[in-house]
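One-letter residues, chain by chain:
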Amino acid sequence: MNIVEVKNISKSYGKTTALDDLSFEVAGGELFGFIGPDGAGKTSLFRILTTLTKPDCGTANVLGMDVIEDYRSLRPLLGYMPGQFALYQDLSVRENMNFFASVFGTSLEENYDLVAPIYSQLEKFEDRLAGALSGGMKQKLALSCALIHKPELLVLDEPTTGVDAVSRQEFWEMLRRLNDEGITVIASTPYMDEAGQCDRVALIDEGNILQIDTPENIVRSFRKPILAVKATSMYRLIKELRGYPWTHSVQPFGEYVHYTEQREEPNIDELEAYLTDAGLSGISIKPTSPDIEDSFIALMKDNHTHG
Amino acid sequence: MDSTRPAIKTRNLTRKFGDFSAVDNISFEISKGEIFGFLGANGAGKTTAIRMLIGLLTPTSGEASVAGFDVFTEAEAIKNRIGYMSQKFSLYADLTVWENIRLYGGIYGLPMETVKAKADDLLKTLQLSDARDKRIGSLPLGWKQKLAFSVAVLHEPDIVFLDEPTGGVDPITRRQFWEQIYEVTEGGTTVFVTTHYMDEAEYCDRVSIMVDGVIEALDTPSGLKEEFKADNIEEVFIELARGADRSQN
């Protein structure tokens, strides 16, 4: 059963188009990710799904209810963690929990089992002001507060932005555990490497969904063979590769450059000879598999060409 | 600057706040033209270390020189020889592109003719000539970041410090940004980058990982992956930082 059904939604702010005719569905029980850079439209979309803003046109149905008509009955069923830390900095950890529980007519005790795996890590700081917590701990408190009324759908806007890699990893583990307990989760992130944490992802850019699929299928749909190329001077390597007659795309990827060709099959020996003649040293060329960023880049380029 | 002398050198650099050693005896050398990634969990001591290196905080003990100047006695000279850019704060949103360039050129004491010439050059390179009189706040994030980097190196510093430079930008813009970095290092500028995003670390020549005030690992990305038998720097980082005391509060 679909928990979210969005049809042809658009949203503009003045001349800026935030969402451009989006349609998608999220099934019950999914851990669904929206992945895209700042300004892609993630926050606008989440604010529509959580009844906080209205689309200019199109319909959005969440948990069988219309986000505009039925917003009052829908709100208590949603847990929303906005991108900005939205708890009360001058209330303590415990006071924030009590406040958000009472707003939804419940208490920490009543739903303790659900939040316990996360909240238990905060209990030794119960009296500390929320504003004085570290980034990772703030994030855990915000998640606990969004969960305290036992929502059916959890919507998290960039929950892992600005925290370190360990906290991010732990956060995704927490989301996966909640998801295992039957809560549908929709989360956004600008970090492509977090795609693998989701069951399905929508890649989003400039208000358009570029592709929706499992992370594995998105990567698999990248057809061109990729060569990972390395040389002592990255700067000169990129220049020379762009000047090679068969070049299709040249993108730095960490220690390597990902290179694709206009030809079906690139010729490694020819390429190596070309780079050696150009005076580069420390050359290494090997076939590699695409990752999610290769796919995203290719889809972005298509979107610009056709859009 | 002498090309054989390290761009940054620290020996047992330490900063205490009361009894607490925020930075505890760190030692490393960074060569001219190197891209150095400075990683650590929240609270590991990165910010304190950087504030010492850019002349904003006096160390408690140890030694450090930046661009050949001593952090204890020549902090003001250091400030003239470095550039700084962070994603959180870089350019003034309510000034135009040109006003920002003029402001930073002025702060670094460049003559007006030089500022004008450099502004023309960099706007042409970034294909932003039409945006010269637009307010920074009205530009897309990717443009802002590329511009912020160009402004941070306007005065041709020996070292540029980048604090989480590419968070949140699309993957194409991010790569254009790294190409800008490769270009300045080709000219001999040293780049010192901090980031929470481990795939950014893979772009660096060498990477250090700080845990609880101490540098726990320092090597090339491939060296670290080999040493920790990991597929990527993220795994290395998580292995080292998971046990950190300071992240748990």
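Cut-offs and rules
Residues numbered from 1 in each chain as written. Chains lettered and ligands numbered in written order. Predicted model: local features only at pLDDT ≥ 70, side-chain atom pairs only at ≥ 80, totals over all residues. Heavy atoms only, no water. Domains from an automatic or database assignment. Contact = heavy atoms within 4.5 Å. Buried area = accessible area lost by both parts, 1.4 Å probe. Salt bridge = Lys/Arg side-chain N within 4 Å of Asp/Glu carboxyl O. Polar contact = N/O pair within 3.5 Å; in protein donor to acceptor, adjacent residues only side chain to side chain. Helix = DSSP H or I, 4+ residues; strand = E, 2+ residues; numbered from the N terminus. Nonpolar A, V, L, I, M, F, W, Y, C, P; charged D, E, K, R; others polar. Pairing = 2+ DSSP bridges. Axes fitted to C-alpha atoms, helices over the stretch in contact; angles between N-to-C directions. Buried < 20%, exposed > 50% of the residue type's maximum accessible area, 1.4 Å probe, protein only. Arc of directions from axis to C-beta.

Under an unreviewed UniProt entry, the name given to chain B is ABC-2 type transport system ATP-binding protein, and the source organism is Fodinibius roseus.

Per an unreviewed UniProt entry, the recorded name for chain A is ABC-type multidrug transport system, ATPase component, and the organism is Fodinibius roseus.

> Any chance you could explain the domain arrangement of chain A here in plain terms?
Often, the extent of an interface is quoted as the loss of accessible area upon association of its parts. As far as domains go, chain A holds domain 1 (2–213) and domain 2 (223–289). A C-alpha centroid distance of 41 Å is found between domain 1 of chain A and domain 2 of chain A.

> Any chance you could explain the interface of chain A and chain B here in plain terms?
Contact with chain A, which involves 38 residues of that partner, is made by 33 residues of chain B. Both sides of the chain A and chain B interface together cover about 3,100 Å² of buried area, and 54% of this is carbon and sulfur. Ionic pairing is found between E293 of chain A and R174 of chain B, a salt bridge with its closest N-O pair at 2.7 Å. At the boundary of chain A with chain B, the tally comes to 16 residue pairs in polar contact (both at pLDDT 80 or more). Secondary structure elements with two or more residues in the side of chain A that touches chain B: α5 (135–147), α6 (165–180), α8 (234–243), β12 (247–253) and α10 (292–306) of chain A. If you tally residues by element for the side of chain A that touches chain B, the top one is α6 of chain A, at 6 residues. Of the residues belonging to the side of chain A that touches chain B, the class tally is 17 nonpolar, 9 polar and 12 charged.

> I would appreciate a short explanation of the sheet that holds strand β1 (residues 8–17) of chain B in the present structure.
The pairing of strands in a sheet happens through backbone hydrogen bonds and is either parallel or antiparallel. All names here are of chain B. Pairing is antiparallel across the open sheet formed by 4 strands, whose spatial order is β2-β1-β4-β5. Where the open sheet ends on each side, the last strands, each with one partner, are β2 (20–30) and β5 (69–70). Note: β1 against strand β4 (residues 61–66), 5 bridges, orientation antiparallel. Across the sheet, K9 pairs through a bridge with S65, a residue of β4. Here helix α1 (residues 46–53) sits on the sheet and contacts β1, β2 and β4; the angle it forms with β1, its principal contact strand, is near 120°.

> Would you take a moment to explain unusual backbone geometry for this structure?
All names here are of chain B. The phi torsion at N25 lies on the positive side, around 60°, for a residue other than glycine. Looking at the element boundaries, N25 is found in strand β2. Positive phi, close to 50°, is recorded for D212, a residue that is not glycine.

> For this particular structure, what's the right way to read α1 of chain B?
One full turn of an α-helix is made of 3.6 residues, so residues set three or four places apart face in the same direction. The buried fraction of α1 of chain B is high, at 6 of 8 residues. One or two positions beyond α1 of chain B, positive phi appears at G55 of chain B, with a value near 80°.

> Any chance you could explain α8 of chain A here in plain terms?
Every buried residue of α8 of chain A is accounted for by M234, Y235, L237, I238 and L241 of chain A. Around the axis of α8 of chain A, the buried residues are gathered within 165° of arc, so they sit on the same side. In α8 of chain A, the exposed positions angled more than 90 degrees off the buried face are occupied by K239 and G243 of chain A. Contacts made by the buried residues of α8 of chain A are with β11 (226–230), β12, β13 (256–261) and α9 (268–277) of chain A together with α6 (171–186) of chain B.

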